[in-house]
Amino acid sequence: MRFGLPRSPSPSPVRRTRRATTFGLHSDSEEEYNAYDYESDSSSSSSSSSSTSSPLLDRGRHKTIIDDLGSPLKRSETRALDTKDDARTRQLEDTVATIRLWARYRDPYEEWEKKTRKDAFKTARKELFTTQSLLHDARTKSNSVQDQTLAATHAKQMSEIESQLSSFRLAQEKEETVLRENWKAREKALWDRIESVIRLEEGKVAARLEAERQKREAEEKKKREEELKKRLEDERKKAEEEKQKAEEEKKRKDEEDQKKKEEEDAKRKQEEERLRKEKLSAEANVRNRLGFRTASQDWSDAREGILAVKTNLIAGVKSVKELKSEWNKYRRQITPKVGQVTNDEASIRRVTTELVQLLKPNPPHIHPVYSALCYSLSKAILLQAETEVTAEKRSAIPLARVAFNLMTTLEVFPDMFWAKLVQRMGGWAIPCIIPDVDVDGRAWSTGEKKPGRGGEKEKWKVMGYRMNQSSGNGEFEGQAEYSTRVSGIMRVYWEILKVQLMFPHQAPPDGPFIISRYWMWFSRLLDERPLLETAVGAELIYTALEVMGAEAADIWGLQWIKILQLIYDGTTVGIYGQENKFIGGDSPEGKAAKARVRMEVERIVTGQKKS
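Quick caveat, the model's predicted, so the values are computed rather than measured.

## Here we look at the environment of Thr387
Here comes step 1: By the element assignment, Thr387 lies in helix 10 (residues 367-391).
Here comes step 2: Taking the C-alpha atoms as reference, Thr387 lies 8.0 Å from Gly488; in sequence the two are 101 residues apart.
Here comes step 3: A distance of 3.2 Å separates a polar atom in the side chain of Thr387 from the backbone oxygen of Gln384.

Written out as structure tokens, the structure reads:
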């Protein structure tokens, strides 16, 4: 490593030029100086130890090498004196002397230059150390300033964090206080319940111990009686014979009483039937003048209507290929549209408009196809009621709105809908008891099988029972499934009547869809005790009261309250005051429906809102 430093002010010795030797050898001082200069440069860039190495040491090594060569040369000289002339010997001796002198020569200029280089290197190292010290001090000072800045920032941040933690601790303490108070209240309530349960269990244990004591006393008493009977065997036998006679007498008397009671029930039913017929015959003239009809007549009309549709209308459309093709084309579009209705005005208007456009296109359908499409539309609405309404009660509202809009827009549709409704439900829509013969006087399940009539278990089908699709064994649906399905259809029917309260100007003047049919339905049902004692009857009463019971109180006032009183007595006291004869009967489904009817009557009378 070189340093551009000025030379020291010490005088530089003058280098003298050697004279040439007399042996024809030129001086090697320049080459030796250059070699020395090169070695000095190399040694100063590597390390301090190598930089201090002297050329004199190299000359010493050269001298040693020459001295080592001395002995063989001397031997060669001695041999040469023996074989050569004296001139050759002198020349060799002078040459060896010259080499030895040149190896031992010390140049003052080179010594000065070496010393100067060494001083310059020391000066450079000292200045380098000073510069590095200053840089280190500056860096140390800068690091100190940065450390102070970081410490101040850290202290400020720690202060902010402590402030936040303090606020968090206050909020946490407040929250813990609230939670602790809530926990104490909850614990107090829990212990109160535990103590009440303990008192209840103690009462049960006391009752159980009392029962065990009574049982033990009874066993002891029985044991004493057995011991007494063993001692009095004759008297016991006699007592048993007398007891047997008394039981036989009692049994005979009970049988007579039961037979007498059955005869009285039969007479009572006959008398009720006779009075009902007399009442109907007495009211026939008034009913005819007012245009009223009996339940049996309404069912007969609906039955004849559905038979006419199946036998004449549908069969006629199916018999003509063009009509059947057109009917099937539009019939397949009805069911998806009925399933799209939701409980909002836009959906109700849209579905109604689309259905009307299907049934009344331009140009219009011919009358048979139009009537058949009205029948298919009625079936689609009722099937939708059986599936959707049974799962969600509120879905009956938009379905009823669409049906009501169609009744006020489409001709023939109300009659088709009523006939199909009676077919799907039996006599519950009227209500009435299905007679033992069909409208044509034919006994059920007899005669030729035709569309809508004949076949095995025909009466069950007319009553509204459908085949159980899940079982697949050809059996009818169970009582619970039948009750749920019929209830869904009747809910849509009651909602159709209820819609007329919102749109009285669109209410039909007569027919099965007028408001007065609600009152007529209850009056007819309460007059048919066999229907009241079924679980289906109780479920339909509950459905009717839930949909329109409160509105009926606003319409008929006190007279409706009397109807509710009869229904309530039928669920608490008994039908017409007869004990153990309640609305819904003795089945589990009937008892559950009876309880719902009682609660619904209480809700209507007290004016509570629907939940």
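## Focus on a positive patch on the surface
Here comes step 1: On the surface, a cluster of positive charge is contributed by Lys318, Lys324, Arg331, Arg332 and Lys379.
Here comes step 2: Among the elements that line the positive patch, the one with the most residues is helix 8 (residues 321-338), at three residues.
Here comes step 3: Topologically, Lys379 is positioned in helix 10.
Here comes step 4: On the basis of relative accessible area, Lys379 is assigned to the partly exposed category, the value being 36%.

## Thoughts on the pattern of salt bridges
Here comes step 1: Applying the stated criterion to the full structure yields 32 salt bridges.
Here comes step 2: Where Arg349 meets Glu345, a salt bridge forms, and the shortest distance between an N and an O atom there is 3.8 Å. With Arg349 and Glu345 both in helix 9 (residues 345-359), this residue pair falls four residues apart, about one helical turn.
Here comes step 3: Take Glu345: its relative accessible area is 40%, and that puts it in the partly exposed class.
Here comes step 4: Note that Arg442 and Asp440 form a salt bridge whose closest N and O atoms lie 3.7 Å from each other.

## A closer look at the nonpolar core
Considering soluble globular proteins, one finds that nonpolar side chains tend to be buried as a cluster.
Here comes step 1: Judged by nonpolar contacts, the single largest core of 98 residues is most densely connected at Leu377, Tyr518, Phe522, Ile541 and Leu545.
Here comes step 2: With twelve residues, helix 10 is the single largest residue contributor to this core.
Here comes step 3: Among all residues touching Leu377, those that are not within four sequence positions of it are Ile334, Val338, Leu355, Leu359, Leu406, Leu410 and Phe413.

## Examining the confidence of the model for the protein chain
Here comes step 1: In this model, the protein chain carries a mean pLDDT of 82, and residues with pLDDT of at least 70 account for 83%.
Here comes step 2: Predicted confidence for residues 1-10 stays below pLDDT 50, and this span has 15 contacts to residues more than four positions away or in other chains.

## Considering the packing of helix 14 (residues 479-502) against helix 15 (residues 516-526)
Here comes step 1: At a minimum axis distance of 9 Å, the contact between helix 14 and helix 15 shows a crossing angle of 140°. Between helix 14 and helix 15, the interaxial angle falls into the category oblique. Side by side, helix 14 and helix 15 meet where Met490, Tyr493, Trp494 and Leu497 of the first sit next to Arg517, Tyr518 and Trp521 of the second.
Here comes step 2: A per-class count over the contact of helix 14 with helix 15 returns six nonpolar, no polar and one charged.

## Focus on helix 18 (residues 558-572)
Here comes step 1: Look at helix 18: 21 Å from first C-alpha to last across 15 residues, which is about the 21 Å you get at 1.5 Å a residue.
Here comes step 2: Taken as a whole, helix 18 has its buried residues at Trp560, Ile563, Leu564, Ile567, Gly570 and Thr571. The buried residues of helix 18 occupy an angular sector of 115° when the element is viewed end-on, so they sit on one face.
Here comes step 3: Those residues of helix 18 that are buried are in contact with helix 15, helix 17 (535-556) and helix 19 (588-606).
Here comes step 4: Looking one or two residues beyond helix 18, the residue adopting positive phi is Gly574, at roughly 145°.

## So, unusual backbone geometry
Here comes step 1: With an omega of 5°, the peptide bond running from Asn362 to Pro363 counts as cis.
Here comes step 2: Geometrically, the link from Ile430 to Pro431 is a cis peptide bond, its omega value of -20° lying close to zero.
Here comes step 3: Positionally, Pro431 belongs in the loop between helix 12 (413-425) and helix 13 (458-462).
Here comes step 4: In this structure, Val412 takes a positive phi of about 75° despite not being glycine.

## Examining helix 14
Here comes step 1: With 24 residues, helix 14 ought to run about 34 Å at 1.5 Å a step, and its terminal C-alpha atoms sit 35 Å apart, in line with that.
Here comes step 2: With 17 of 24 residues buried, helix 14 is to be regarded as a mostly interior element.

## Regarding the packing of helix 9 against helix 10
Here comes step 1: Relative to each other, helix 9 and helix 10 sit at 150°, their axes nearing to 10 Å. By the angle class used here, helix 9 and helix 10 are roughly antiparallel. Facing Leu355, Leu358 and Leu359 of helix 9, the residues of helix 10 in contact are Tyr370, Leu373, Cys374 and Leu377.
Here comes step 2: A class-by-class count of the residues in the contact of helix 9 with helix 10 yields seven nonpolar, no polar and no charged.

## Regarding the packing of aromatic side chains
What characterises a pair of aromatic rings is the spacing of the ring centres plus the angle enclosed by the ring planes.
Here comes step 1: All told, the structure shown has 21 aromatic pairs when counted by the stated rule.
Here comes step 2: Connected via pairs of aromatic rings, a cluster forms that spans Phe413, Phe417, Trp418, Tyr493, Trp494, Phe513, Tyr518, Trp519, Trp521, Phe522, Trp556 and Trp560.
Here comes step 3: In this structure, Lys594 packs its charged tip against the face of Phe582, placed 4.6 Å from the ring centre.
Here comes step 4: Above the face of the Tyr542 ring, Arg596 is positioned so that its terminal group lies 5.5 Å from the ring centre.

## Observations regarding the side chain of Arg524
Here comes step 1: On the secondary structure map, Arg524 appears in helix 15.
Here comes step 2: Residue classification places Arg524 among the buried positions, given a relative accessible area of 11%.
Here comes step 3: At a separation of 2.9 Å, a polar atom in the side chain of Arg524 contacts the side chain of Asp298.

About the cut-offs
Residues numbered from 1 in each chain as written. Predicted model: local features only at pLDDT ≥ 70, side-chain atom pairs only at ≥ 80, totals over all residues. Heavy atoms only, no water. Helix = DSSP H or I, 4+ residues; strand = E, 2+ residues; numbered from the N terminus. Polar contact = N/O pair within 3.5 Å; in protein donor to acceptor, adjacent residues only side chain to side chain. Patch = residues over 30% accessible without salt bridge, like charges linked within 9 Å, V, L, I, M, F, W, Y side chains within 5 Å. Areas by Shrake-Rupley, 256 points an atom, 1.4 Å probe, with all protein chains shown as cover. Salt bridge = Lys/Arg side-chain N within 4 Å of Asp/Glu carboxyl O. Lys, Arg positive; Asp, Glu negative; His and termini not counted. Charge placed at Lys NZ, Arg CZ, Asp CG, Glu CD. Buried < 20%, exposed > 50% of the residue type's maximum accessible area, 1.4 Å probe, protein only. Core = buried A, V, L, I, M, F, W, Y, C linked by side-chain atoms within 4.5 Å. Contact = heavy atoms within 4.5 Å. pLDDT = per-residue confidence, 0-100. Axes fitted to C-alpha atoms, helices over the stretch in contact; angles between N-to-C directions. Parallel < 35°, antiparallel > 145°, perpendicular 65-115°, else oblique. Nonpolar A, V, L, I, M, F, W, Y, C, P; charged D, E, K, R; others polar. Expected span 1.5 Å × (residues − 1). Arc of directions from axis to C-beta. Phe/Tyr/Trp six-rings, centres within 6.5 Å; stacked < 30°, edge-to-face > 60°. Lys NZ or Arg CZ within 6 Å of the ring centre and 35° of its normal.

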